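What follows is each chain in one-letter form.
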Amino acid sequence: MPTLIRRPRASAPSPSARFQKVLLSLAKSDSSRLDAYLRYVTALDARTIGVERVSVWLFNEDKSEIVCEILYMRSSRIYTRGARLQASDYPSYFRALQKKRTIAADDARTDPKTREFTKDYLEPFKITSMMDVPIHRRGRVVGIVCHEHTGPKRKWSFEEQDFAASIADLIALALESAGGRKAEDLLRETQERYGIIAESASDAIITIDEKSLMVYVNRICQKMFGHARNAMIGQPITMIMPPSMRSRHLAAVGRYLKTAKRTLNWDSAEFTACHKNGREFPVEISFGEFRRKGRHLFTGIIRDISARKKAQELLRRAEERYRLIAANAPIILFATDARGVFTLVDGKGLEGAGLEPGQLVGQSIFDLYQDDPQIRRIVQRVLAGETLEESVEVKAGPGTGRIYEFYYAPVKDERGKVTGATGVATDVTERKRAEQKLHFMAYHDGLTELPNRLLFEDRLGVTLANARRSGDLVAVILIDLDNFKSINDTLGHAAGDKVLREVARRLRGHLREGDTVARLGGDEFILLLPQIRTPDNIKAIADRIFEALKSPIRLGRASRTVTTSMGIALFPRDGGEIKTLVKNVDVALYRAKEKGRNNYQFF
């Protein structure tokens, strides 16, 4: 048996590089719409790690249960939510979660932390391995990101666990952002819930006399300002003010007592307060005055508005960011009435569609896209009450040929009746085309545009599976250009590239529909010929290809005849598996070279 010449194969990207790329993409994603962000994260997480189910669960306030915020099922591409797990039903699992560590159960049905799910959850859904990562927020575990694998049991690598932990951190940031946007509402609810004058009030309540001495403070004052209640009584109100404000306050009180003229809004005024430890923070104060037993007293309700200020700053930054996005990002903002007539069309993305802001206002989306049934169908569903996210290539009407990611939502009145629709269309044409180009490049040779080794082996696997069922023969022909190096050495690489492209063209022209020709690299080509009835059939095909490649190739003013050596192997005679078949066709090619080249040999 002759010695085989082994050719190195390109290595796949490392898992860490792939994980890093996905995390970078997620870090750049918009998380302002939490539901949409969680849908995107769970789907991308499932594809990247390669699991069937990824879900996000959040604890209730007393951590007696966790509630499924979103569950993505990869095989069906379905999202669901709302399931609940009680701590009393799964005590071992809940205790493990409180340790704030990742649960990596390679065999979920026997692992002490997860085996109590076996009967009710793991077996019905055919889950064999689980990896649950805690979501930390402000030092507390507020939920988990759950990865559920079906099929053979799986050992979770450290790289996969680190990647999953990073996903949990990104979700924690999204939850933090969503919580910040609600700070103002929570403050308002607190005020309505507790009132303004009682020991249970959430705001500080302080009463002072005409000398600005504190005669009453409620219990929250100690928490807000850091001083004990009894230490505040009888002390000037200025003890909770920054030094720079103290003299101005005393002067203002003195003027009011003399003139009864108010110099600020007593219903709501913002000041800076000072904690016992020197930390300054913003407060909002409402004043009232009354007299008791000849004393002139003032009561102030003081609210710490640090959270509100932070939320307002976050909102200001978000609004600034959204304004920049609307002005510079390729998006279109639109709204319609209940009949589908545009009431708003705006955004920089209109430029790609050749439109001006407001140009489509007053026109029916059904008339504009009467020849694009996909858009018409989507709008009809939204006006029927559905919220949809779709990626659409416009086939007819404004924006034809562009690809948009649409987010549609119905607009409803107080009775729940749909009165219109609103949405955002993001122009992703260039990105989609770049993705398509990258996908093509990943599976094709850049010089000849033929399939590469990866795509060839994929097609070979499918072809062999079909042949096992049909009983047909499959031929694999490995082709090597004789003395190709001399062309590069004497005529240059440009001439060599032209020869490779011409050989690729001739091979394509002499194959049947359903056959595959691929370039493995250098001067090697390989053919996949399915549905061969007899070995004589492949001999006739090989003769035809062999003769076609012998014709001279024009290289500028000269021409060059390129001969080839070919090895042929037949399935199942020469190998029943991909690896064996490829090895044996290599042996056949080697024999052809040993016999002086310019011939073909069967294995």
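Treat the numbers as computed from the prediction; the structure is a model and nothing was measured.

Looking at the overall build of the chain
Phase 1 of the analysis: Scanning the chain from terminus to terminus reveals 18 helices and 24 strands.
Phase 2 of the analysis: For the chain, whose C-alpha radius of gyration is 36 Å, the value lies well above the compact-globule estimate of 25 Å for 603 residues.
Phase 3 of the analysis: Taking the principal axes of its C-alpha atoms as reference, the chain extends roughly 125 × 65 × 55 Å.
Phase 4 of the analysis: Residue burial in the chain is summarised as follows: out of 603 residues, 44% are buried.
Phase 5 of the analysis: The contacts of the chain with a sequence gap of at least 6 include a subset with a gap of at least 24, amounting to 52%.
Phase 6 of the analysis: Carbon and sulfur atoms make up 51% of the accessible area of the chain, which totals about 33000 Å².
Phase 7 of the analysis: Side chains of the chain carry 98 positive and 77 negative charges; the gap between the two charge centres is 3 Å.

Observations concerning the nonpolar core
Phase 1 of the analysis: Formed by 34 residues in total, the largest nonpolar core has its most connected members in Ile135, Ile167 and Ile171.
Phase 2 of the analysis: Elements with a minimum of two residues in this core: α1 (15–27), α2 (34–49), β1 (53–59), β2 (65–73), β6 (127–137), β7 (140–150) and α5 (158–181).
Phase 3 of the analysis: The greatest single-element share of this core, amounting to ten residues, is contributed by α5.
Phase 4 of the analysis: In this structure, isoleucine 171 is in contact with Leu38, Val41, Val56, Ile135 and Val145, ignoring residues within four places of it in sequence.

Section: the side chain of histidine 147
Phase 1 of the analysis: Within the fold, histidine 147 resides in strand β7.
Phase 2 of the analysis: According to the relative accessible area criterion, histidine 147 is buried, its value standing at 0%.
Phase 3 of the analysis: Filtering out sequence-adjacent residues up to four positions away, histidine 147 remains in contact with Asp45, Ile49, Val51, Arg53, Val54, Ser129, Met130, Met131, Asp132, Trp156 and Ala164.

So, the environment of asparagine 60
Phase 1 of the analysis: As for its position among the elements, asparagine 60 is in the loop between β1 and β2.
Phase 2 of the analysis: Sequence-wise, asparagine 60 and glycine 234 are 174 residues apart; in three dimensions their C-alpha atoms are separated by 44 Å.
Phase 3 of the analysis: One polar contact links asparagine 60 to aspartate 62, side chain to side chain, over a distance of 3.0 Å.

Focus: the state of the cysteines
Phase 1 of the analysis: Applying the stated criterion across every chain, the model contains zero disulfides.
Phase 2 of the analysis: The thiol of cysteine 221 is unpaired, and the distance to the nearest cysteine sulfur, on cysteine 274, comes to 15 Å.
Phase 3 of the analysis: Look at cysteine 221 and you get buried, because its relative accessible area is 0%.
Phase 4 of the analysis: With a relative accessible area of 10%, cysteine 274 lands in the buried category.

Structural notes on the sheet that holds strand β23 (residues 564–571)
Working definition: the strands of a sheet are paired by backbone hydrogen bonds and lie parallel or antiparallel to each other.
Phase 1 of the analysis: In spatial order, the strands read β19-β20-β18-β23-β24; together these five strands make up an open sheet with mixed pairing. At either end of the open sheet lies a strand with only one pairing partner, and these are β19 (516–521) and β24 (600–602). This sheet shows a mean twist of 20° between the axes of neighbouring strands, independent of strand direction.
Phase 2 of the analysis: Where β23 meets β24, three bridges bridge the pair, whose relative direction is parallel. For glycine 567, the partnering residue across the bridge sits in β24 and is glutamine 601.
Phase 3 of the analysis: Strand contacts of helix α16 (residues 493–509): β18 (473–481), β19 and β20 (524–532), with the helix running at about 5° to β20, the strand carrying the most contacts.
Phase 4 of the analysis: In this fold helix α17 (residues 535–548) packs onto β18, β20, β23 and β24, with an angle of close to 160° to the strand it touches most, β23.

A look at the pattern of salt bridges
Phase 1 of the analysis: The full count for this structure, using the stated rule, is 28 salt bridges.
Phase 2 of the analysis: The salt bridge involving glutamate 313 is made with arginine 316; its shortest N-O contact spans 2.6 Å. On the criterion of helical spacing, the pair formed by glutamate 313 and arginine 316 is a turn pair, its members being three residues apart in helix α10 (residues 306–328).
Phase 3 of the analysis: The salt bridge partner of aspartate 480 is lysine 593, with a shortest N-O separation of 3.5 Å. With aspartate 480 in strand β18 and lysine 593 in helix α18 (residues 578–594), this residue pair connects regions lying 113 residues apart in the sequence.
Phase 4 of the analysis: You can call aspartate 480 buried: its relative accessible area is 6%.
Phase 5 of the analysis: A relative accessible area of 27% places lysine 593 in the partly exposed class.
Phase 6 of the analysis: Three or more residues are tied together by salt bridges with common partners; here these are Asp35, Glu69 and Arg81.

Concerning the confidence of the model for the chain
Phase 1 of the analysis: Looking at the chain, the pLDDT average stands at 83 and 91% of residues meet or exceed 70.
Phase 2 of the analysis: When the elements of the chain are averaged for pLDDT, helix α6 (residues 183–194) gives the smallest value, 41, and β1 the largest, 93.
Phase 3 of the analysis: Long-range and interchain partners of residues 1–13, a stretch whose pLDDT sits below 50, account for 16 contacts in this model, where long-range means more than four residues apart.
Phase 4 of the analysis: A low-confidence stretch, residues 181–198 (pLDDT under 50), is modelled with 16 contacts involving residues beyond four sequence positions or located in other chains.

As for unusual backbone geometry
Phase 1 of the analysis: A cis geometry characterises the amide bond from phenylalanine 571 onward to proline 572, with omega recorded as 5°.
Phase 2 of the analysis: In this structure, proline 572 sits in the loop between β23 and α18.
Phase 3 of the analysis: Positive phi outside glycine occurs at lysine 126, with the angle close to 60°.
Phase 4 of the analysis: Inspection of the secondary structure assignment puts lysine 126 in the loop between α4 (118–122) and β6.
Phase 5 of the analysis: By relative accessible area, which is 60% here, lysine 126 ends up exposed.
Phase 6 of the analysis: Not every positive phi belongs to a glycine, and arginine 597 is a case in point at roughly 65°.
Phase 7 of the analysis: Structurally, the position occupied by arginine 597 is in the loop between α18 and β24.

Some remarks on the packing of aromatic side chains
Phase 1 of the analysis: Counted by the stated rule, this structure contains 15 aromatic pairs.
Phase 2 of the analysis: Between tyrosine 256 and phenylalanine 298, the ring centres sit 6.0 Å apart and the planes meet at 70°, which makes this aromatic pair edge-to-face. With tyrosine 256 in helix α9 (residues 243–259) and phenylalanine 298 in strand β12 (residues 295–304), the pair connects residues that are 42 residues apart, well separated along the chain.
Phase 3 of the analysis: With relative accessibility at 11%, the residue tyrosine 256 sits in the buried group.
Phase 4 of the analysis: Ring geometry for phenylalanine 334 against phenylalanine 406: centres 6.2 Å apart, planes inclined by 70°, an arrangement best described as edge-to-face. In this pair, phenylalanine 334 is assigned in strand β13 (residues 331–337) and phenylalanine 406 in strand β16 (residues 403–412), connecting sequence segments 72 residues apart.

Examining the sheet that holds strand β8 (residues 204–208)
Phase 1 of the analysis: One open sheet accounts for five strands, arranged β9-β8-β12-β11-β10; its pairing is antiparallel. A single partner strand is all that each edge strand has here, and the edge strands are β9 (214–217) and β10 (269–274). Ignoring which end each strand starts from, the neighbouring axes of this sheet average 35° apart.
Phase 2 of the analysis: In terms of strand pairing, strand β11 (residues 280–292) meets β12 through ten bridges, oriented antiparallel. For serine 286, the partnering residue across the bridge sits in β12 and is isoleucine 301.
Phase 3 of the analysis: On the sheet, α9 packs against β10, β11 and β12 and is oriented at approximately 140° with respect to β12.

Some words on the pairing of β18
Phase 1 of the analysis: Among the nine residues in β18, nine count as buried, and that is most of the element.
Phase 2 of the analysis: Taking every second residue as pointing to the same face, both faces of β18 are buried, with Leu473, Ala475, Ile477, Ile479 and Leu481 on one and Val474, Val476, Leu478 and Asp480 on the other.
Phase 3 of the analysis: Relative to β20, β18 runs antiparallel, the two sharing seven bridges. Looking across to β20, one finds that leucine 473 is bridged to isoleucine 532.
Phase 4 of the analysis: As defined by bridge partners, β18 adjoins β23 across eight bridges and the pair is classed as antiparallel. When the sheet's bridge partners are listed, alanine 475 is paired in β23 with leucine 570.

Cut-offs used in this document
- Here the residue index of a chain counts from 1 through its sequence in written order.
- Side-chain atom pairs in this predicted model are given and counted only at pLDDT of 80 or more, local residue features only at pLDDT of at least 70, and totals for whole chains, interfaces and linings cover all residues.
- Remark: hydrogens and water are excluded; side-chain values derive from all non-hydrogen atoms of the structure.
- Secondary structure elements are defined from DSSP: runs of H or I of at least 4 residues count as helices, runs of E of at least 2 residues count as strands, and each element is numbered from the N terminus.
- All radius of gyration figures rest on C-alpha atoms, and the globule criterion is 2.2 Å times the number of residues raised to 0.38.
- Exposure classes here rest on a 1.4 Å probe applied to the protein chains alone. A residue is buried below 20% of its type maximum, exposed above 50%, and partly exposed in between.
- Between two residues, a contact is recorded if the distance between any of their heavy atoms is within 4.5 Å.
- To measure how exposed things are, a 1.4 Å probe is used in the Shrake-Rupley method; for residues, cover is taken only from the protein chains shown.
- The charged-residue count follows a simple rule in which Lys and Arg add positive charge and Asp and Glu add negative charge, with His and chain termini not counted at all.
- Charge coordinates come from a single atom per side chain, which is NZ of Lys, CZ of Arg, CG of Asp or CD of Glu.
- Nonpolar core, defined: a set of buried Ala, Val, Leu, Ile, Met, Phe, Trp, Tyr and Cys residues in which side-chain atoms within 4.5 Å join the residues together.
- In protein, a polar contact requires one atom able to donate a hydrogen and another able to accept it; more generally it is a pair of N or O atoms within 3.5 Å, and residues adjacent in sequence count only if both atoms are side-chain atoms.
- By convention in this document, the label disulfide applies to cysteine sulfur atom pairs within 2.5 Å.
- Here, a strand pair is defined by DSSP locating no fewer than two bridges between the strands.
- Working convention: axes come from line fits to C-alpha atoms, limited for helices to the stretch in contact. Angles between N-to-C directions cover 0 to 180 degrees.
- By definition here, a salt bridge exists when the distance from a side-chain nitrogen of Lys or Arg to a carboxyl oxygen of Asp or Glu is within 4 Å.
- Each residue gets a pLDDT score, which is the predictor's confidence in that residue and runs from 0 to 100.
- Two rings from Phe, Tyr or Trp (for Trp, the six-membered ring) form a pair when their centres sit within 6.5 Å of each other. Planes less than 30 degrees apart are called stacked, planes more than 60 degrees apart edge-to-face, and all others tilted.

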